[in-house]
Amino acid sequence: MAPVCVRRILISESVDPCCKKILQENGIEVTEKQNLTKDELVAEIKDYEGLVVRSATKITAEIINAADNLKIIGRAGTGVDNVDVDAATKKGIIVMNTPGGNTVSAAELTCAMIISLSRHVPQAVMSMKAGKWERKKFMGSELYGKVLGIIGLGRIGKEVATRMQSFGMKTIGYDPITPPEVSATWGVEQMSLEQLWPQCDYITVHTPLMPSTTGLLNDATFAECKKGVKVVNCARGGIIDEDALLRALESGQCGGAGLDVFVEEPPKNRALVDHFNVISCPHLGASTREAQARCGQEIALQIVDMLKGRELVGAVSPPPLLCAVSRRVNKKHNNEGYSLIQKACVMELSVNGIKYTATGSIQGDVPVLLDLNGSEFRQPVPLTGNLLFFKAAVTPQLLPTVTGVLATAGAEVQSFSTSATRGGDQWSCIGLSTALSDLAALKSLVKEVAAVSI
């Protein structure tokens, strides 16, 4: 992509010092001003081409409209629900985040919540500090043999699954993007939400917050769950309906909750926080030294790479030139009511002299490919990692032969998606553990093939 000119960047929150250092080393003037009010930020933002935030700063349409010179908003962390991405896109402002920066930290906190819920660890600690010795009061249960339902099988959901499997838990899940055959490779059986609710002893949510996931766990879905189910939310406040959760706790339908996030932060309504069977934290999912250093470094490097015209990584709003080609709005709904609302960009690409028309979009905070040359993929293809695209007539022998060639090259298959075209040639995409440098062995098997690393 063509370089973007950014000379001054404002960092409005506490971001790891390495972020400022990397930006300054690349000739960017950096100003740090924390705890700005909305009005102060509206007045301040006019002087900058770039803005770096974490989760506390709310970048509203009012702030964006006041930012006459702003070209990029960098979110040092996962998710961009504190940024009005639509308003930014209309003004041609690129919004990017670091979706992998706090994966391990968020997953570890989720696991800590699950373990603490099973043995009442925080409550027992407070009892001891109060001078009591209440062994019978804190009777717990083993995790071994219990069923953990994971809603959202992205980076964090996967890490939670692999860790809790070490406790002997059975992991099941639901995700509208990750193919079931992929999650099966790391031990998660996918199913519909209706099938999942009644099986779970524990449920943890790892979805973005959007209209289709707001109140995903509510009065109706709690009623479908096992009596005494325990729930964890280290993702976004509002995915679990807080009023419904309180009612489920009071009735015993929910046996306990681990909450790191709330609809309002800090929560003014203390009913959940003060409930005996609730473990709560002040949004600590990304609060580790390692995660903050990783996010600060990644957002700075992503900004620098973009400014130097190298690559655009972590963007959740399309660059203005791509949107100018063509835009359409697609709305897709699956049977679970978990709707995927996308603003899609249609763009023409040239690879090795061959022109392709691709439709891409953003789902949650992940860029995805929806169709290629008019062939719509059965599952949206997450545009991340090492990807192999090929076009061929689908036969029972094709995929085993291709995966055999990949195995010989030392590449492990991590995901697979194919177009919905029936008969004739189909486009397929395989996510690989490592990049392929030589496609010669595949060219004899398929009509077209290309490998990309994102």
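Fair warning: this is a prediction, and the values are worked out from it, not measured in the lab. (Residues numbered from 1 in each chain as written. Predicted model: local features only at pLDDT ≥ 70, side-chain atom pairs only at ≥ 80, totals over all residues. Heavy atoms only, no water.)

Asker: Mind showing me how you'd approach the nonpolar core here?
Answerer: Side chains of a nonpolar character, in soluble globular proteins, are inclined to be buried together. Grouped together as the largest cluster of nonpolar side chains are 31 residues, with contacts concentrated most on Ile151, Ile203, Leu217, Phe222, Val231 and Leu245. The biggest single contributor to this core is helix H11 (residues 242–251), with four residues. Ignoring sequence-local partners within four residues, the contact set of Val231 consists of Leu117, Ile203, Leu217, Phe222, Ile240, Leu245, Cys254, Gly256, Ala257 and Gly258. The next biggest cluster of nonpolar side chains, apart from the first, holds 24 residues, and it includes Ala106, Ile150, Tyr202 and Cys234. (Core = buried A, V, L, I, M, F, W, Y, C linked by side-chain atoms within 4.5 Å. Buried < 20%, exposed > 50% of the residue type's maximum accessible area, 1.4 Å probe, protein only. Helix = DSSP H or I, 4+ residues; strand = E, 2+ residues; numbered from the N terminus. Contact = heavy atoms within 4.5 Å.)

Asker: Teacher, can you tell me more about H11 here?
Answerer: Residues spaced three or four apart along an α-helix face the same direction, because each turn holds 3.6 residues. When H11 is considered as a whole, its buried residues turn out to be Ala244, Leu245, Ala248 and Leu249. For H11, the angular spread of the buried residues around the axis is 140 degrees, confining them to a single face. Of the surrounding secondary structure, the elements contacted by the buried residues of H11 are helix H10 (219–224), strand S10 (229–233), strand S11 (254–259) and strand S12 (278–280). Two or three places before Asp243, at the opening of H11, Asp241 has a side-chain oxygen 3.0 Å from that residue's backbone nitrogen. Looking one or two residues past H11, Gly252 carries a phi angle of roughly 90 degrees, positive in sign. (Arc of directions from axis to C-beta. Polar contact = N/O pair within 3.5 Å; in protein donor to acceptor, adjacent residues only side chain to side chain.)

Asker: How should the environment of Phe377 be read in this particular structure?
Answerer: Take Phe377: it is sitting in strand S17 (residues 375–382). Between the alpha carbons of Phe377 and Ser417 there is a distance of 6.7 Å; along the sequence they are 40 residues apart.

Asker: Please clarify how the pattern of salt bridges should be interpreted in this entry.
Answerer: Two side chains carrying opposite charge are able to pair once their charged atoms lie near each other. If you walk through the whole model with that rule in mind, you get 14 salt bridges. Note that Lys20 and Glu32 form a salt bridge whose closest N and O atoms lie 3.4 Å from each other. On the criterion of sequence distance, the pair formed by Lys20 in helix H1 (residues 17–25) and Glu32 in strand S2 (residues 29–32) is long-range, its members being twelve residues apart. According to the relative accessible area criterion, Glu32 is partly exposed, its value standing at 37%. Of the charged contacts, one joins Glu62 and Lys38 as a salt bridge, the two residues approaching to 3.0 Å between their closest N and O atoms. Of this pair, Glu62 sits in helix H3 (residues 61–66) while Lys38 is found in helix H2 (residues 38–44), placing the two residues 24 residues apart along the sequence. (Salt bridge = Lys/Arg side-chain N within 4 Å of Asp/Glu carboxyl O.)

Asker: Please explain the environment of Gly168 as it appears in this structure.
Answerer: Locating Gly168 in the fold gives a position in the loop between helix H7 (155–165) and strand S7 (170–174). Through-space distance from the C-alpha of Gly168 to that of Tyr144 is 4.5 Å; in sequence the pair is 24 residues apart.

Asker: Explanation requested: the sheet that holds strand S18 (residues 386–393) in the structure shown.
Answerer: For sheets, the rule is that strands pair by backbone hydrogen bonds, running either parallel or antiparallel. Pairing within the open sheet is antiparallel, and its four strands lie in the order S19-S20-S18-S21. Two strands close off the open sheet at either side, each with one partner strand: strand S19 (413–418) and strand S21 (448–453). Each strand of the sheet is rotated relative to its neighbour by a mean of 20 degrees, with strand direction disregarded. Examined bridge by bridge, S18 and S21 share six bridges and lie antiparallel to one another. Bridged to Lys391 within S21 is Glu448. (Pairing = 2+ DSSP bridges. Axes fitted to C-alpha atoms, helices over the stretch in contact; angles between N-to-C directions.)

Asker: I'm lost on the packing of helix H5 (residues 103–119) against H7 in this one. Help?
Answerer: Relative placement of two packed helices is described by the angle separating their axes and the distance separating the axes. Viewed as axis vectors pointing N to C, H5 and H7 meet at an angle of 45 degrees, and their least axial separation amounts to 9 Å. As summarised for this structure, H5 and H7 are arranged oblique, according to the angle between their axes. The element H5 and its partner H7 pack so that their crossing is right-handed. On H7, the residues touching Thr103, Val104, Ala106, Ala107, Glu108, Thr110, Cys111, Ile114 and Ile115 of H5 are Arg155, Ile156, Glu159, Val160, Arg163 and Met164. For the contact of H5 with H7, a count of residues per class yields nine nonpolar, two polar and four charged. (Parallel < 35°, antiparallel > 145°, perpendicular 65-115°, else oblique. Left-handed = near helix turned anticlockwise from the far one by under 90°. Nonpolar A, V, L, I, M, F, W, Y, C, P; charged D, E, K, R; others polar.)

Asker: I tried to follow the packing of aromatic side chains on my own but got confused; where do I start?
Answerer: Remark: the centre distance and the inter-plane angle together describe each pair of aromatic rings, the angle taken between the planes. Counting across every chain of the model gives one aromatic pair. Directly above the ring of Tyr48 sits Arg8, whose terminal nitrogen or CZ lies 4.6 Å from the centroid. (Phe/Tyr/Trp six-rings, centres within 6.5 Å; stacked < 30°, edge-to-face > 60°. Lys NZ or Arg CZ within 6 Å of the ring centre and 35° of its normal.)

The values reported here are purely geometric and, on their own, carry no functional implication.
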